[in-house]
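# Structural description and commentary
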Amino acid sequence: YRQTGDRVSLTRVTGEFALGLVENNQPERALELLTPLIEDDIGSEPELVPAAVVYARSLMLTLEPGVIEAADRALAAAEKLGSVPETIDALITKGTYLGQLGRLSESRIILEGAIALAEEHDLGRSIARGQHNLAYVMVGLDDSASLALSEEAYRTAQRLGDRSQLLFQLGAMALASTIIG
């Protein structure tokens, strides 16, 4: 795609590959691949929106600056195109990052809304990711709620057969259980 100058296809394929990297704990590599491809005009091509969402998530996971701005650009483009899965994933990224910043009320409200929207559209992977991230945000605030969310996310991942989410949920359950005692 690079040789033919097909930016849209290159970004689409790179975004799909980058998502695999992010889900396998390699967000730095995903960011390396996506950064040169993501530009301010992501709203002009529907195929660019998924890559923009993965880009924002990669920024969040690598603790790079610009997460809110990248998530907001991806959200605006996804909503404009009516792309519910990307809207939900961008909301989960933004809500999680706000939690990392200590803006816990905003974080919780956004994550709960994203989970509800994912449930409404039966998007299991997004439900599990949202539950996991909300459980992470709740650690230290409401440890019992964090454990309950982790357990629910584990059941969701189990139902989906998603081994990587199962491992994340086991870790989250162990952390919450250790804190609770």
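Above: the structure in question.
Criteria and thresholds
Residues numbered from 1 in each chain as written. Predicted model: local features only at pLDDT ≥ 70, side-chain atom pairs only at ≥ 80, totals over all residues. Heavy atoms only, no water. Salt bridge = Lys/Arg side-chain N within 4 Å of Asp/Glu carboxyl O. Helix = DSSP H or I, 4+ residues; strand = E, 2+ residues; numbered from the N terminus. Buried < 20%, exposed > 50% of the residue type's maximum accessible area, 1.4 Å probe, protein only. Core = buried A, V, L, I, M, F, W, Y, C linked by side-chain atoms within 4.5 Å. Arc of directions from axis to C-beta. Contact = heavy atoms within 4.5 Å. Axes fitted to C-alpha atoms, helices over the stretch in contact; angles between N-to-C directions. Parallel < 35°, antiparallel > 145°, perpendicular 65-115°, else oblique. Left-handed = near helix turned anticlockwise from the far one by under 90°. Nonpolar A, V, L, I, M, F, W, Y, C, P; charged D, E, K, R; others polar.

To continue, consider the pattern of salt bridges. Under the defined criterion, the tally for this structure stands at 10 salt bridges. Here Arg 57 makes a salt bridge to Glu 23, at a shortest N to O gap of 4.0 Å. In this pair, Arg 57 is assigned in helix H3 (residues 49-61) and Glu 23 in helix H1 (residues 7-23), connecting sequence segments 34 residues apart. Arg 57 sits in the buried class, given a relative accessible area of 13%.

Let's shift gears to the nonpolar core. Counting residues in each nonpolar core, the largest one holds 17 residues, and the members touching the most others are Leu 34, Tyr 55 and Leu 59. Of all elements in the fold, only H1, helix H2 (27-34), H3 and helix H4 (67-81) reach the threshold of two or more residues within this core. Examining the composition of this core, we find that 6 residues originate from one element, H3, more than from any other. In this structure, Leu 111, Ala 118, Ala 135 and Val 137 belong to the second largest nonpolar core, which totals 12 residues.

Before going further, it helps to spend a moment on H2. When H2 is considered as a whole, its buried residues turn out to be Pro 27, Ala 30, Leu 31 and Leu 34. All buried residues of H2 fall inside an arc of 100° around its axis, so they share one side. Check the buried side of H2 and you find it contacts H1 and H3.

Next up on the list: the environment of Thr 96. Positionally, Thr 96 belongs in helix H5 (residues 84-100). Since its relative accessible area comes to 4%, Thr 96 is described here as buried. Spatially, the C-alpha atoms of Thr 96 and His 132 are 9.9 Å apart, while their sequence positions differ by 36 residues. The contacts of Thr 96, once residues within four sequence positions are left out, are Met 60, Ser 107, Leu 111, Asn 133 and Tyr 136.

Attention shifts here to the packing of helix H7 (residues 124-138) against helix H8 (residues 143-160). Viewed as axis vectors pointing N to C, H7 and H8 meet at an angle of 160°, and their least axial separation amounts to 8 Å. The orientation of H7 with respect to H8, classified from their angle, is roughly antiparallel. In this structure, the crossing between H7 and H8 has a hand that is left-handed. Here Gly 124, Arg 125, Ile 127, Ala 128, Gln 131, His 132, Leu 134, Ala 135 and Met 138 of H7 come into contact with H8, specifically with Asp 143, Ala 145, Ser 146, Leu 149, Ser 150, Glu 152, Ala 153, Thr 156, Ala 157 and Leu 160. Of the residues contributing to the contact of H7 with H8, the split by class is 10 nonpolar, 6 polar and 3 charged.

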